[in-house]
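# Structural features, examined
Each chain is listed here by its residues.
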Amino acid sequence: MSALPVHRPVYVGDDGALLDVAEAIAADWAALGVHGSFLARNLDTGEQLGFGVDESMPLASVVKVPVALVVLDRIANGELDPAQPVTVDPARSSVGPTGLAAFRYPAGVAVGDLLLLMLSVSDNAAADALLDLVPVAEVDERLRAWGCGEIRMRHRMNHMYECAAGAAGNDFSLALELALRDERSGRHTIATLDPAYANSGSAAALVELLQRVWCDEVSTSAATAELRRLMGLQVFTHRLASELRADSLRWSGKTGTFLHLRHEIGVVEAESGHRVAMAALTIAGRRAGLAPDIDLAIGVAGREAFEALRG
């Protein structure tokens, strides 16, 4: 198998020491056959470090964060009732390993609890049930109206799996092989891996969204406060949070995983008052359904960036 194209990212850092950290993180990822984007920003000082921050990439489940914000905005404005029950039928719902997507029988769940399932366990069925109420086009339009147009919402979550199945049937290994082949050729057999057609965004755009959520500078304070609470309930701690486990730290995040994509965005808050927003978007260059070494490298990046930016 030929190697993926060589990526030479553009680094950002507010001083030489921060640039050194960014370059070291990129080198660690490259040693594992990973390329992508990373950005970490101190929300209070504005200092930041990263690389490839403006590269648009497919977001997988990371896009559930802006979806949640738009739904919460509708709730805060009285346009949607969080107690409204929604019936999710597995015979017609979305594919996924967690939450309602793994159910065998129809279930009634309130809108507010669909948000919890979507963000805490990355439930695709819950996400698409919410997109029945707040359509894809509305999410994309609201993001543009808020000045977040570099994050694009183009399709429902299940469309990722529909496109993969259309290219590879039910053969996950073949779909992964196609994804890797297409990274080398630059042409995407699976459309939802093409940033021009996928739900997409850059590390810079995602960190900017997180900053606006944490500083109550988008939507309404009721919506942003609830989004922060829900992101703090994510159960997955194997990426950015893995090296930020301490009683004095709080992590609020959202992962995204699909074929060779392994992402996470979030904010780490320290009792000392330091707040650092991060976005790690990675593309692996090898066939691996599970890649704990890549997850660990993302975690190390988060710790090193936090330590550098908190001063």
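Please refer to the structure placed before this passage.
This report concerns the structure included in the present document. (Residues numbered from 1 in each chain as written. Predicted model: local features only at pLDDT ≥ 70, side-chain atom pairs only at ≥ 80, totals over all residues. Heavy atoms only, no water.)

When helices and strands are tallied, the protein chain shows ten helices and ten strands. A globule of 311 residues ought to have a C-alpha radius of gyration of about 19 Å, and the protein chain, at 19 Å, matches this closely. Its C-alpha atoms give the protein chain principal-axis dimensions of roughly 55 × 50 × 35 Å. A total of 311 residues make up the protein chain; the buried ones form 53% of that total. Intrachain contacts of the protein chain at a sequence separation of at least 6 include 68% that bridge at least 24 residues. Total accessible area computed for the protein chain in this model is approximately 12700 Å², and 51% of it derives from carbon and sulfur atoms. Mean positive and mean negative side-chain charge positions of the protein chain (27 and 40 charges, respectively) differ by 5 Å. (Helix = DSSP H or I, 4+ residues; strand = E, 2+ residues; numbered from the N terminus. Rg over C-alpha atoms; globule rule 2.2 N^0.38 Å. Buried < 20%, exposed > 50% of the residue type's maximum accessible area, 1.4 Å probe, protein only. Contact = heavy atoms within 4.5 Å. Areas by Shrake-Rupley, 256 points an atom, 1.4 Å probe, with all protein chains shown as cover. Lys, Arg positive; Asp, Glu negative; His and termini not counted. Charge placed at Lys NZ, Arg CZ, Asp CG, Glu CD.)

This paragraph deals with the layout of surface pockets. A probe as big as a water molecule, rolled over the atoms, marks out the empty space that is left. Size it by volume and the largest pocket reaches roughly 510 Å³. Sorting the residues of the lining of the largest pocket by element identifies β8 (249–258) and α10 (292–309) as the ones contributing at least two each. Considered class by class, the residues forming the lining of the largest pocket number twelve nonpolar, ten polar and five charged. (1 Å grid on protein atoms, 1.4 Å probe; cavity = no way out; pocket = protein on both sides within 12 Å on 5 of 7 lines; lining within 4 Å. Points joined across faces, edges and corners; volume = space filled by probe spheres on them. Nonpolar A, V, L, I, M, F, W, Y, C, P; charged D, E, K, R; others polar.)

This part takes up the side chain of Asp128. Considering the arrangement of structural elements, one finds Asp128 in helix α4 (residues 124–133). Here Asp128 sits buried without a salt bridge, and the closest side chain of opposite charge, Arg156, lies 4.2 Å off (N-O distance). Not counting chain neighbours up to four residues away, the residues in contact with Asp128 comprise Ser94, Arg156, Met157 and Asn158. (Salt bridge = Lys/Arg side-chain N within 4 Å of Asp/Glu carboxyl O.)

What follows concerns the packing of aromatic side chains. Evaluation of the coordinates by the stated rule reveals five aromatic pairs. Both rings, one in Trp29 and one in Phe51, keep their centres 5.3 Å apart while their planes meet at 80°; by these two values the pair is edge-to-face. With Trp29 in helix α1 (residues 16–31) and Phe51 in strand β3 (residues 48–51), this residue pair connects regions lying 22 residues apart in the sequence. In this structure Trp29 comes out as buried when scored by relative accessible area, which is 2%. Under the relative-accessibility criterion, Phe51 is labelled buried at 2%. Site record: aromatic cluster; members linked through ring pairs are Tyr11, Trp29, Phe38 and Phe51. (Phe/Tyr/Trp six-rings, centres within 6.5 Å; stacked < 30°, edge-to-face > 60°.)

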